[in-house]
2 protein chains.
Amino acid sequence: MSSAAAPNARDRILGAAIDLIRREGFAATSLDDLCRQAGVTKGAFFHHFAGKEDLGVAAADFWREGTSALFANAPYHRPADPLARVLAYLDFRRELVRGGVPEFTCLVGTLVQETYDSHPRIRDACAASIFGHAQTLEADIAAAMKKHRVTAAGWTPESLATHTQTVLQGAFILAKAKNDPALVFDAIDHLERYIRFLFKPKKKAAAA
Amino acid sequence: MSSAAAPNARDRILGAAIDLIRREGFAATSLDDLCRQAGVTKGAFFHHFAGKEDLGVAAADFWREGTSALFANAPYHRPADPLARVLAYLDFRRELVRGGVPEFTCLVGTLVQETYDSHPRIRDACAASIFGHAQTLEADIAAAMKKHRVTAAGWTPESLATHTQTVLQGAFILAKAKNDPALVFDAIDHLERYIRFLFKPKKKAAAA
DNA sequence: GACGACATACCAACCGGTCGGTATGTAGTC
DNA sequence: GACTACATACCGACCGGTTGGTATGTCGTC
């Protein structure tokens, strides 16, 4: 994910940006620190990026590309049953919670909080990452609804897919606040329990 | 909440800090901007606060005091049934989603993401606000479990109370990313559906 | 010799923080 | 009730370092 020792300067800068922004935030990450950590000079930076805002957009795009490749190649797509794939996705998210808080939390979740009001281009790039990823879950959810004959009362595959990301992003915030990765596991447990409820065979569906 | 025109400089500074930090973030909020918006000078600022980190701690504390008064006096405590109180809490959270995104989102959720690694004092103040508020929900959840004879399989009043805050914090992030308050309502709807599932009378409980 | 990929040197604005100073209490003493 | 001694609240000019950004140079490759 971090391309710490990439051959070209651009990727080294983006790798350093992902690391520093997740740790300190976007505004608190100075270009001097960034270039030092990437092992390049300011000249290299401004050769590849028009400015700091451009770096933010590029970092969010880089994150989106990296994570979408990671999830596309992950093993949770293997089960034949679509509901099993959704639950395997949650297992995979649990597996990703390793190392320190700055290593497993989400770049774009951090980035968007600092930039949503002042840097709409960065905000949109973050939104593309979050909602683009959510979208990859919709097909499995829709297939699971069909197979398990679930008629949604008040929710859709899209809204449930979005909700998984809501829970994960919130879990990262609470994990940071308490400096405790266990809170992410708790949140995923609740989310899994909810999804199992939604797909539990029953005579009468709940209203909300 | 914002004490925009408080009589004393300290509260005006804190009100301006809550506004600016929610809008731009902590690092991007300069003391010059802050003092300008508060209508005070740098001298007044450094009379009341030891430095910028101290402001962060004070703002989180101020937020905790303000929100805990708001929730303590809110009408969702009125229903006799404890589960109804929990659901009324969710309704109250829906009501708070008014105005623009910077106005209804959470100060400490934003603040902690920028400071969890570099300013532990601020992080702890944010954690106190989030988890202190979550704790106020535990009694109602526990009473609801008792009344509705729910034997939790894998969750506790504490973990469910925490989960409500997880969902809300995550919802704020997604609402910022898409610049759309409706995402908060969607998230609360899913959360309400989950809670209703948990307390639905049934013969057999689910495992997770 | 043009061009892409960087390095070096530098700048002006801005940043958090300091400092000397003023105005207004307020409590104690005679 | 006047005087001293001190505290609180606030002002605004100023400082040195850092910031994002620029201008120019160099080296390898086609």
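Each value, and the rule that gives it
- Residues numbered from 1 in each chain as written.
- Chains lettered and ligands numbered in written order.
- Predicted model: local features only at pLDDT ≥ 70, side-chain atom pairs only at ≥ 80, totals over all residues.
- Heavy atoms only, no water.
- Helix = DSSP H or I, 4+ residues; strand = E, 2+ residues; numbered from the N terminus.
- Buried < 20%, exposed > 50% of the residue type's maximum accessible area, 1.4 Å probe, protein only.
- Contact = heavy atoms within 4.5 Å.
- Areas by Shrake-Rupley, 256 points an atom, 1.4 Å probe, with all protein chains shown as cover.
- Lys, Arg positive; Asp, Glu negative; His and termini not counted.
- Charge placed at Lys NZ, Arg CZ, Asp CG, Glu CD.
- Near = heavy atom within 4 Å.
- Polar contact = N/O pair within 3.5 Å; in protein donor to acceptor, adjacent residues only side chain to side chain.
- Nonpolar A, V, L, I, M, F, W, Y, C, P; charged D, E, K, R; others polar.
- Buried area = accessible area lost by both parts, 1.4 Å probe.
- Salt bridge = Lys/Arg side-chain N within 4 Å of Asp/Glu carboxyl O.

Take the overall build of chain A next. For chain A, the helix and strand inventory stands at 10 helices and zero strands. Along chain A, from the amino end to the carboxyl end, the secondary structure elements read α-α-α-α-α-α-α-α-α-α. Considering only C-alpha atoms, chain A reaches an extent of 65 × 30 × 30 Å along its principal axes. A total of 208 residues make up chain A; the buried ones form 54% of that total. Expressed as a percentage of contacts within chain A between residues at least 6 apart in sequence, the contacts between residues at least 24 apart total 65%. By element, 53% of the accessible surface of chain A is carried by carbon and sulfur atoms, the whole surface being about 8700 Å². Taken together, the 26 basic and 23 acidic charged side chains of chain A have centroids lying 8 Å from each other.

What follows deals with the protein's contact with DNA strand C. The full set close to DNA strand C counts 15 residues, and T41 of chain A together with L31, K42, F46 and K52 of chain B are the nearest of them. L31 of chain B places a main-chain nitrogen or oxygen 2.7 Å from a phosphate oxygen of DNA strand C. Measuring from a phosphate oxygen of DNA strand C, one finds a backbone N or O atom of K52 of chain B at 2.8 Å. Take the surface near DNA strand C: its biggest share by element is four residues, from helix α3 (residues 42–48) of chain A. For the surface near DNA strand C, the residue count by class is five nonpolar, seven polar and three charged.

As a further point, take the interface of chain B and chain A. The interface is formed by 53 residues belonging to chain B together with 53 residues belonging to chain A. When chain B packs against chain A, close to 4800 Å² is buried across both sides, 64% of that on carbon and sulfur atoms. Viewed at the interface, chain A and chain B are joined by two salt bridges. D117 of chain B serves as the salt-bridge partner of R23 of chain A, at 3.7 Å between the closest nitrogen and oxygen. Elements supplying a minimum of two residues to the side of chain B that touches chain A: α1 (9–24), α6 (101–104), α7 (107–115), α8 (120–147), α9 (157–178) and α10 (182–198) of chain B.

Turning to the environment of F92 of chain A, a few remarks are in order. Its location among the elements puts F92 of chain A in helix α5 (residues 82–95). F92 of chain A has contacts with L70, F71, A74, P75 and Y76 of chain A, leaving out every residue within four places of it along the chain.

A few words now on the pattern of salt bridges. By the definition in use, this model includes 30 salt bridges over all chains. When the shortest N-O distance is used, the salt bridge between R123 of chain A and D124 of chain A registers 3.3 Å. The salt bridge involving D61 of chain B is made with R64 of chain B; its shortest N-O contact spans 3.6 Å. Note that D61 of chain B and R64 of chain B are positioned in helix α4 (residues 52–72) at a spacing of three residues, about one turn of the helix. The network of salt bridges with common partners includes D91, R94, D189, E192 and R196 of chain A.

Quick look at the side chain of T105 of chain B now. Structurally, T105 of chain B can be placed in the loop between α6 and α7. Polar contacts involving the side chain of T105 of chain B include one to the main-chain carbonyl oxygen of V101 of chain B, which spans 2.8 Å.

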